[in-house]
Amino acid sequence: MTDTRGPQPQYEGYATGPLPGEREPAAGQVGGPYHPPQAYPSPAGGTQGGRPHGTQGTGAAQASRLPRTGARTTPRTRKARLRVAKADPWSVMKVSFLLSIALGICTVVAAAVLWMVMDAMGVFETVGGTISEATGSNDSGGFDLQSFLSLPRVLIFTSVIAVIDVVLATALATLGSFIYNLSAGFVGGVELTLAEDE
């Protein structure tokens, strides 16, 4: 294919000066390829074939500078100092209610297991016989400990204590959150230091 447009006029700005990506040569410097500045100066004896003059064999490896890898030898621990400025009473009440219910269930189960273990060991029979002999008389047989400390009665008594514990723990935790918010307004709250391992 041939160009039929004829001679095209040359842009005057590029005809007399360098292109936008080129750098103008300094005064008294002959135009040539551009060499960027070196980060490290060349050795005093110069280089020959990638090896400094006067070094041979393993000496060249010692004269060369090893690049930095940037890897850390010890792990870094980041720490942040935070402050609990306010405790939401509603969230405190919900969490304390659930925790107190769990504690009440654990109390009832622990009381039942303890009663079964003591009954299997014969503690109630031995202690009950001693108490009945000490409190007995000719007219009455004395105090019956085994009937008084039966498993249903112990479970009912433990359940009542667990319900009272749920109500009191929830109320005290909610009241404590209000008191904490009032005191945090004066002193700023509890400060915590959190650390994160990389």
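Conventions and cut-offs
Residues numbered from 1 in each chain as written. Predicted model: local features only at pLDDT ≥ 70, side-chain atom pairs only at ≥ 80, totals over all residues. Heavy atoms only, no water. Patch = residues over 30% accessible without salt bridge, like charges linked within 9 Å, V, L, I, M, F, W, Y side chains within 5 Å. Areas by Shrake-Rupley, 256 points an atom, 1.4 Å probe, with all protein chains shown as cover. Salt bridge = Lys/Arg side-chain N within 4 Å of Asp/Glu carboxyl O. Helix = DSSP H or I, 4+ residues; strand = E, 2+ residues; numbered from the N terminus. Buried < 20%, exposed > 50% of the residue type's maximum accessible area, 1.4 Å probe, protein only. Expected span 1.5 Å × (residues − 1). Contact = heavy atoms within 4.5 Å.

(A) The arrangement of a nonpolar patch on the surface in detail. A cluster of nonpolar residues, Phe97, Leu98, Ile101, Ile105, Val109, Val113, Val117 and Met121, forms a patch on the protein surface that exposes about 740 Å² of accessible area. Relative to the helices and strands, Val113 resides in helix α3 (residues 89–121). Given the relative accessible area of 47%, Val113 is considered partly exposed.

(B) Broad picture of α3. Taking 1.5 Å per residue, 33 residues should reach 48 Å; α3 reaches 47 Å between its end C-alpha atoms and fits that length. In the core, the buried residues of α3 are packed alongside α4 (123–135) and α6 (151–187).

(C) Summary view of the side chain of Ser96. Take Ser96: it is sitting in helix α3. The class of Ser96 is buried, set by a relative accessible area of 11%. Apart from the residues lying within four places of it in its own chain, the contact partners of Ser96 are Ala169, Thr170 and Ala173.

(D) Quick look at the pattern of salt bridges. By the definition in use, this model includes two salt bridges. A salt bridge links Arg78 to Glu196, with the shortest nitrogen-to-oxygen separation between them at 2.8 Å. Linking Arg78 in strand β3 (residues 77–84) with Glu196 in strand β4 (residues 190–197), this pair joins segments that are 118 residues apart in sequence. With relative accessibility at 43%, the residue Arg78 sits in the partly exposed group. Looking at Glu196, the relative accessible area reads 43%, which means it is partly exposed.

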